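Examination of the molecular architecture
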Amino acid sequence: MSDKQYALFEEQQKARGIDLDKVKNKIKGLEVETPSWGFGDSGTRFKVFEQEGIPRDPFEKIEDAAQVHKFTGSSGAAAIHIPWDKVDDYKALKSHAKDHGIAIGAVNPNVFQDDDYKFGSVTNSDPAIRQKAVDHLLECVDIAREVDSKAISLWFADGTNYPGQADFRKRKNWMHESLQTLYNALDEDMRMLIEYKFFEPAFYHTDLADWGMAFNMANKLGPKADVLVDTGHHPQAANIEHIVAYLLDEKKLGGFHFNSRKYADDDLIVAAHNPHEIFLIMQQIVAAEEDGADPAAAKTAGNIAYMLDQCHNIEPKIPAMIRSIMNVQNLYAKACLVNLDELREAQEKQDVLWAEEVVREAYEFDVTPLLKAVREEMGAAPDPMKAYRESGYAEKILKRGKGGAG
Ligand code: LRH
Ligand code: MN
Ligand code: MN
């Protein structure tokens, strides 16, 4: 990318009244966590295609996650899932991450892979099973302390398949009770992020089916509990940016699991299918960040835990993560180019087409010169995909062979 292209872009944005230095700083501040599980072998219920060079243990997953940060400069932490990332020495895992230039991000308890959880975990009618699930949640708080993580990220597979199978209201109360026990165990500087999903693996009902249920729980629990929005977990026509704005205004938006889906919770590369949707989500966030009239919303927006939650079934994992980080940056950068003063004016005048145009105009800019300049200033690779390809890391890890972590 020539300096000329950047100079042209800068001139163009200046003329629109956009402060490009501010935009650059905002992009530099955007950190997106990768999921450790996205580096392992994955697939569908039909087939898992084993790839060569897959990490064989959580330490190697961290090494691969560090590659994403090395080239993008914007992915300084990796989330872990317990027990998928169970190790004997969590302090050693933390040091390993640090030695490779990253940190351990959100700790994700897993209460869905045990036979005991067939009819639910924290909402199981059997108190002994509920206790077992809660004990695991508490174990994850201890793990978070050991790896120096400040976030417990919660998703429950709990639900039912048939009408009459279970008592919705009882399960709602068991959910609350369990979350409360977890909440009480959190340190002051920790928080819990509550994820919702309206289907799968249960198909008739899930106990936290939508943002309203997660929000209600988070509200009852208190300031250390927030809602996590996984973009794949909504019905097709859901207006996710509206949900995001609502939660921002309520100061309860805790984080994201980014991915994209064509049909359901496909966990494909973020913005591969839905770039405009991600842009509109980012636009709500930028508007809140810049909302001087509502500093609490701005603070919430500044505190969002951005994470990817993706599985790369047929493509190589590390470059897929790099691509994903670049996609998120690209759409955040475009959102930063919306002229908010103009948008407010158009809204006040109730000029529908003007308002729509103000948002559209930002989306239609090519932000490649801007992102290259930002990455150069950050000491990251101006073209992370190319830099990774040329680094030789993909060839180096082939010696791990096949049959890595699932
Ligand atoms: C559930 C989910 C949740 C899990 C992850 C593996 O669909 O989005 O976040 O932890 O996938
Ligand atoms: Mn998720
Ligand atoms: Mn999911």
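Residues numbered from 1 in each chain as written. Chains lettered and ligands numbered in written order. Predicted model: local features only at pLDDT ≥ 70, side-chain atom pairs only at ≥ 80, totals over all residues.

As annotated in an unreviewed UniProt entry, the protein carries the name L-rhamnose isomerase / sugar isomerase and is attributed to Salibacterium qingdaonense.

1. What about the overall build of the protein?
Looking only at helices and strands, the protein features 16 helices and 10 strands. Computed over the C-alpha atoms, the radius of gyration of the protein is 21 Å, within 12% of the 22 Å expected from 2.2 N^0.38 for a compact globule of 406 residues. Within the protein, the fraction of its 406 residues that count as buried is 45%. Restricting the contact set of the protein to residue pairs at least 6 apart, pairs at least 24 apart contribute 78%. (Helix = DSSP H or I, 4+ residues; strand = E, 2+ residues; numbered from the N terminus. Rg over C-alpha atoms; globule rule 2.2 N^0.38 Å. Buried ≥ 20, exposed ≤ 12 C-beta atoms within 10 Å, placed from the backbone. Contact = placed C-beta atoms within 7 Å.)

2. A look at the nonpolar core
With 103 residues, the main nonpolar core has A78, I194, A214, V227, V244, M282 and A335 as its most contacted residues. Tallying contributions element by element places helix 11 (residues 317-336) first for this core, with 12 residues. Filtering out sequence-adjacent residues up to four positions away, A335 remains in contact with F279, M282, Q283, V286 and A362. (Core = buried A, V, L, I, M, F, W, Y, C linked by C-beta atoms within 7 Å.)

3. Topic: unusual backbone geometry
A cis amide bond links I82 with the next residue in sequence, P83, at an omega value of 20°. Mapped onto the fold, P83 is located in the loop between strand 2 (77-82) and helix 4 (90-99). Between E200 and the following residue, P201, the backbone shows a cis peptide bond with an omega angle of 5°. Mapped onto the elements, P201 comes out in the loop between strand 6 (191-195) and strand 7 (205-206). With a phi angle near 70°, D148 is a residue other than glycine that sits in the positive phi range. Even without a glycine there, the phi angle at E200 is positive, about 70°. Tracing the chain through its elements places E200 in the loop between strand 6 and strand 7.

4. A closer look at the site of ligand 1
In the vicinity of ligand 1, the residues found are W37, N108, W155, E195, K197, D230, H257, D265 and D309. Looking at side-chain class alone, the shell around ligand 1 contains 2 nonpolar, 2 polar and 5 charged residues. (Near = placed C-beta within 6 Å. Nonpolar A, V, L, I, M, F, W, Y, C, P; charged D, E, K, R; others polar.)

5. Section: the UniProt feature "domain: Xylose isomerase-like TIM barrel" (unreviewed entry) in the protein
Per the UniProt record, "domain: Xylose isomerase-like TIM barrel" (unreviewed entry) is annotated on residues 87-267. Within the segment residues 87-267, helix and strand shares are 39% and 18% respectively, and the terminal C-alpha atoms sit 26 Å apart. (UniProt positions renumbered as here; feature names shortened; annotations may be inferred.)

6. A word on the environment of G392
Inspection of the secondary structure puts G392 in the loop between helix 15 (384-391) and helix 16 (393-396). Measuring from C-alpha to C-alpha, the distance between G392 and H257 comes to 29 Å, with 135 residues separating the pair along the chain.

7. A look at helix 6 (residues 168-185)
Helix length check: helix 6, at 18 residues, gives a terminal C-alpha distance of 26 Å against a target of 26 Å (1.5 Å per residue), a fit within 8%. The complete set of buried residues in helix 6 reads R171, W174, M175, S178, L179, L182 and Y183. The inward-facing, buried residues of helix 6 contact helix 5 (127-147), strand 6, helix 7 (211-221) and strand 8 (225-230). (Expected span 1.5 Å × (residues − 1).)

8. A short note on the pairing of strand 6
Judged by how many residues are buried, strand 6 sits mostly within the fold: 5 of 5 residues are covered. Here strand 6 shows a buried face lined by R191, L193 and E195 and a second buried face lined by M192 and I194. Bridge analysis of strand 6 against strand 8 gives 4 bridges, and the strand direction is parallel. Its bridge partner being in strand 8, E195 is matched across the sheet by L228. (Pairing = 2+ DSSP bridges.)

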